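# A structural walkthrough
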Amino acid sequence: MQKNSKKSVRLSADIAPKRYAIKLKPDLEKFIFEGEEVITIIVGKATQTLTLHSKELDIEVAEVTHGKDKNFAGKISYNEKAETVTLTFPELIPKGQAKLKLVFRGVLNDKLRGFYRSQYEVAGTKRHMATTQFESTDARRAFPCFDEPAHKAIFDVTLLVPTHTVAISNTLPISEEERDGLREVIFAPTPKMSTYLLAFIIGEFEHIETKTKEGTLVRVFVTPGKKHQAEFALECAAKTLSFYNQYFDIPYPLPVLDMIAIPDFSAGAMENWGAITYRESALLVDPKNTSAASKQWVALVIAHEIAHQWFGNLVTMEWWTHLWLNEGFASYIEYLAVDKLFPKWNIWTQFAYLDLSSALGLDALKHTHPIEIDVHHPSEIAEIFDEVSYSKGASVIRMLADYLGEKDFRDGLRLYLKKHSYANASTIYLWQAFAKVSKKPVEKIMKNWTGKGGYPVVSVSEEKGKLLLSQKRFFSNPVSAKLHKEKTTWTVPISVLSSAGKIEKFLLDASQASQKLPAGSWYKINPNESSFFRTAYSPELLGRFKIPLSKNKLSTLDRFGLVRDSFALAEGGIVSVTDALSLVCQYTNEESYTIWAELSGRLQKIKRLIQNQSYTENYRQFVLAIFEKAVQRVGWQAKSSDGHEDVLLRSLILGTAGDYGHSATVAMAKKMMNDFLYKQKPVPADIRGAVYGIAAEFGNEKDFRKILALYRGEKLHEEQGRLGRALAGFKNKKLLSEVLTFALSKDVRGQDALSLVASVLGNPAGSDLAWAFLKKNWPTFLERFGDGGHQLSRLIKTCVVFSTREAYTDIKTFFKTHPAPGASRAVEQALEKIDGNIRWLERDGKKIEEFLKNYEKNLV
């Protein structure tokens, strides 16, 4: 984008909204809506033109009133690229307060953005609701507005809806009256807030409700017949809201918190102030059919969205450059809440796998981006809704919290929130609050963590009674390191745990440093993986972990960090992959779900890397040897002694062993699936995903037809998702081609189409098919999922499964001539990863082959 267009994308600072009075009348049969609004504006400089945001709206009337003077716009002109409308008036609008009245029309689209429609069933009859998704820049699709986070205003919402429907907005209704066959619902004024947090939902809903101990009304809305699936969410939300009231020391400012399950929803959830919308699978828990993993996901999502009611809604980023202030904090604090509600889940160990690992993975690329990055056009904004803004943001906050200590961290947050309530803030304001409370140089420490892309690998060795440490930026592709010539030095909070049990802390703020060696026989850098870096031990120091690993002297997170970094360092060309594979052999007695999840993912990556090599059968036997003890230990039957992680572990171990062809596991999964498909005997929810996946991989066309029929008729989205992944897991290419075509059919909701295609793309038997299908149908994908959203990015990133130069060239050539709006960085990231895969195989392929000939000697 040219510089001048970037400058023009922000609205003039001379016009600011103060209050909106909006009235909307959606037509749920014709899929259109009519609207009118009066915006109270502050004119800072006399002007004849007013420019505000508008997209896919037809403005019929524009009138400005200043005192007793009225002016009708003589010209209404649209700028589609900038997504604005300019109103030109015959006379100057003087400086001061004015009222802008607009009458407009729009479409209830099927794009899952703006003001859109969603389909559901009541008594077997298809119905439609109208709902909203405005983040980041889609309020302008519902009403002309000043659609930037800093343009906060109060909103008075009125909805004209069919009498049989329920109308929901951010606040409670203050008036309802029937007129002309419709019901007019007038809502209480909202707090002062940004446009992207506004919400309107109209449909046939049932709800359950409770009150928090502080008296806030909490409700969960569902389509008819699903109230029993809302009970867990209601309890979870009420407790979470009370926890945050206490933690932030600021009462939730609205009298109501509504959570609404939307059948068609592009993301997981959206934090609209007081009216949080969710994909059904991120909110509903069915007592008989929801797995423990899904229940955990629901709890985390609810905690994330409610955290936003303070971080994001009460205090809002000044511009999307600071998106991480919303998402990074919510992604961190959700774990605080869930740990408080469910202490036996041991959720912080899973943070390392779910967030820390994924952030380290993406941020190891040359084509990453800083946490704080200048963005301009909506398509650029969409690209930063990724693991850097969310998971790296959460990880550096966790690092800072560990460095500051629990009390100073909490008090710093409280100071920040109280000082900037109902206003906008940037990152520096947060650092200032932490620094004031802690008396530590927070801005200096954090500057490069948020202002620069990437992170360091800290190399550690021992010499003459000292630990020698050095840092440099880590790249997962060694070629990226050569091309980038990165010189950044981070201020790294370093902790060293010695075998004597003592922890020493210091800051590494130079490229090299030495530290007096603490007493002990081994040293774990970054205990509990609290800081955001990778550790590269010298061979001597790494070798000393053999005894503490065998005697279980290291914490779960420390064992996790060792194996995670060993594979990453191998991928980055810093160590040989055989070092990582040898280390894995020390983990056969491991019992932690989090560690097995990381191991499974890392081993799967090697499997994909070598899938066309002659030694794949040897590798399969190696992985089965690693998993054999775990398979025997977890078994198929749930035990009364099972904790939350035991339940998660069983599904993971069996699913992985089955994928590698463990004969007894495959046989049991096929039997259970056969009993389910042909004898209607349900599979326990917690192992259902594993059973479906294994049985599909080794299933036949008859099984496929049964699963497809079940998918078409399934009403629970969680179960439908499992069935969909099973459909994409067959080996028969003819069936996989059918799945791809099915994904774009009317039988698959738009929210689920891309995940089906991505699942086929991730299936070794279907990768080439899915890529060819994507190329052939690219115009359809663009029309349905393009337009600046971040759905396409997620699909394109799935292409990292390829590891041949032919695939790399094909993908690069295709995207040179085919635009991917909002996903250009995802294309670069995928290509960088594929190139890294190719080079990794060239570098370590022979070593893997040799290792597999004698791996038994390393097994514990």
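For the structure itself, look to the data block above.
What this report covers is the structure whose coordinates are included nearby.

What counts and what doesn't
- Residues numbered from 1 in each chain as written.
- Predicted model: local features only at pLDDT ≥ 70, side-chain atom pairs only at ≥ 80, totals over all residues.
- Heavy atoms only, no water.
- Helix = DSSP H or I, 4+ residues; strand = E, 2+ residues; numbered from the N terminus.
- Rg over C-alpha atoms; globule rule 2.2 N^0.38 Å.
- Buried < 20%, exposed > 50% of the residue type's maximum accessible area, 1.4 Å probe, protein only.
- Contact = heavy atoms within 4.5 Å.
- Phe/Tyr/Trp six-rings, centres within 6.5 Å; stacked < 30°, edge-to-face > 60°.
- Lys NZ or Arg CZ within 6 Å of the ring centre and 35° of its normal.
- Salt bridge = Lys/Arg side-chain N within 4 Å of Asp/Glu carboxyl O.
- Core = buried A, V, L, I, M, F, W, Y, C linked by side-chain atoms within 4.5 Å.
- Expected span 1.5 Å × (residues − 1).
- Pairing = 2+ DSSP bridges.
- Axes fitted to C-alpha atoms, helices over the stretch in contact; angles between N-to-C directions.
- Parallel < 35°, antiparallel > 145°, perpendicular 65-115°, else oblique.
- Nonpolar A, V, L, I, M, F, W, Y, C, P; charged D, E, K, R; others polar.

### Looking at the overall build of the chain
Helix and strand content of the chain: 29 helices and 29 strands. Here the C-alpha atoms of the chain give a radius of gyration of 28 Å, agreeing with the 29 Å that 2.2 N^0.38 yields for 860 residues. For the C-alpha atoms alone, the extent of the chain along its principal axes is close to 90 × 65 × 55 Å. The burial tally for the chain puts 60% of its 860 residues in the buried class. Taking the contacts inside the chain whose residues are at least 6 apart along the sequence as the reference set, 72% of them involve residues at least 24 apart.

### A look at the side chain of Glu-571
Among the secondary structure elements, Glu-571 is positioned in helix α14 (residues 556-571). On the basis of relative accessible area, Glu-571 is assigned to the buried category, the value being 6%. Dropping the residues within four chain positions of it, Glu-571 is found in contact with Ser-476, Pro-478, Arg-602, Lys-605, Lys-833, Trp-840 and Arg-843.

### Concerning the environment of Lys-816
One can find Lys-816 in helix α28 (residues 805-817). Its relative accessible area of 66% is what places Lys-816 among the exposed residues. Along the primary structure Lys-816 and Lys-419 are separated by 397 residues, whereas in three dimensions their C-alpha atoms are 48 Å apart.

### Focus on the packing of aromatic side chains
Considering all chains together, one arrives at 53 aromatic pairs under this definition. Plain terms: the ring middles of Phe-143 and Phe-155 are 6.5 Å apart, the flat faces sit at 75 degrees to each other, and that makes the pair edge-to-face. Of the two residues, Phe-143 sits in the loop between β10 (125-133) and β11 (154-162) while Phe-155 sits in strand β11, which places them twelve residues apart along the sequence. The pair formed by Phe-143 and Phe-155 is uniform in burial state, with each residue classed as buried. Aromatic side chains Phe-704 and Phe-730 sit 5.3 Å apart centroid to centroid with 85 degrees between the ring planes, which places their arrangement in the edge-to-face category. Taken together, the residues span a long stretch of sequence, with Phe-704 in helix α21 (residues 701-713) and Phe-730 in the loop between α22 (717-727) and α23 (733-743) at a distance of 26 residues. Classification of Phe-730 as buried rests on a relative accessible area of 0%. By way of ring pairs, the aromatic residues Phe-243, Tyr-244, Tyr-247, Phe-248, Tyr-252, Trp-310, Phe-311, Trp-324, Phe-329, Tyr-416 and Trp-431 are connected into one cluster. If you follow Arg-10 out to its NZ or CZ, it ends over the ring of Trp-319, 3.8 Å from the centre. The ring of Tyr-660 has Lys-607 sitting right over it, with the charged end atom 4.7 Å from the ring centre.

### With respect to the pattern of salt bridges
Two side chains of opposite charge can pair, provided their charged atoms sit close to one another. A complete count under the given rule lists 61 salt bridges for this structure. One salt bridge connects Lys-797 with Glu-387, and the closest N-O pair in it is separated by 3.5 Å. With Lys-797 in helix α27 (residues 791-797) and Glu-387 in the loop between α6 (378-383) and α7 (388-404), the pair connects residues that are 410 residues apart, well separated along the chain. In this structure, the salt-bridge partner of Lys-524 is Asp-558, at a minimum N-O distance of 3.7 Å. One end of the pair, Lys-524, is in strand β28 (residues 523-525); the other, Asp-558, is in helix α14, and 34 residues separate them in sequence. Here Lys-524 matches Asp-558 in class, with each residue buried. Beyond isolated ion pairs, a larger network of salt bridges with shared partners links Lys-524, Glu-529, Arg-534, Asp-558, Arg-564 and Asp-565.

### Re the nonpolar core
Counting residues in each nonpolar core, the largest one holds 299 residues, and the members touching the most others are Phe-143, Phe-200, Phe-329, Phe-622 and Phe-781. Among the elements that line this core, the one with the most residues is helix α4 (residues 323-341), at twelve residues. Sequence-distant contacts of Phe-143, that is, excluding residues within four places in its chain, are made with Tyr-20, Ile-22, Glu-37, His-53, Leu-57, Phe-104, Phe-134, Phe-155, Leu-198 and Phe-200.

### Structural notes on α7
End to end, α7 covers 22 Å across 17 residues, agreeing with the expected 24 Å (1.5 Å per residue, within 8%). In terms of burial, α7 is largely enclosed, as 14 of its 17 residues are buried.

### Some thoughts on the sheet that holds strand β4 (residues 58-66)
Taken in spatial order, the eight strands of this open sheet run β5-β4-β8-β2-β1-β11-β14-β13, and their pairing is mixed. A strand with exactly one partner marks an edge of an open sheet, and here the two such strands are β5 (69-72) and β13 (173-179). Neighbour-to-neighbour, the strand axes of the sheet open up by a mean angle of 15 degrees, direction not taken into account. For β4 and β5, the ladder comprises four bridges, and the chain directions are antiparallel. Bridging across to β5, Thr-65 finds its partner in Lys-70.

### A closer look at the packing of α14 against helix α29 (residues 824-851)
Put simply, α14 and α29 touch, their axes get as near as 9 Å, and they point 90 degrees apart. As the angle between them shows, α14 and α29 are arranged roughly perpendicular. Two secondary-structure elements touch here, α14 through Phe-567, Ala-570 and Glu-571 and α29 through Lys-833, Trp-840, Arg-843 and Asp-844. Considered class by class, the residues forming the contact of α14 with α29 number three nonpolar, no polar and four charged.

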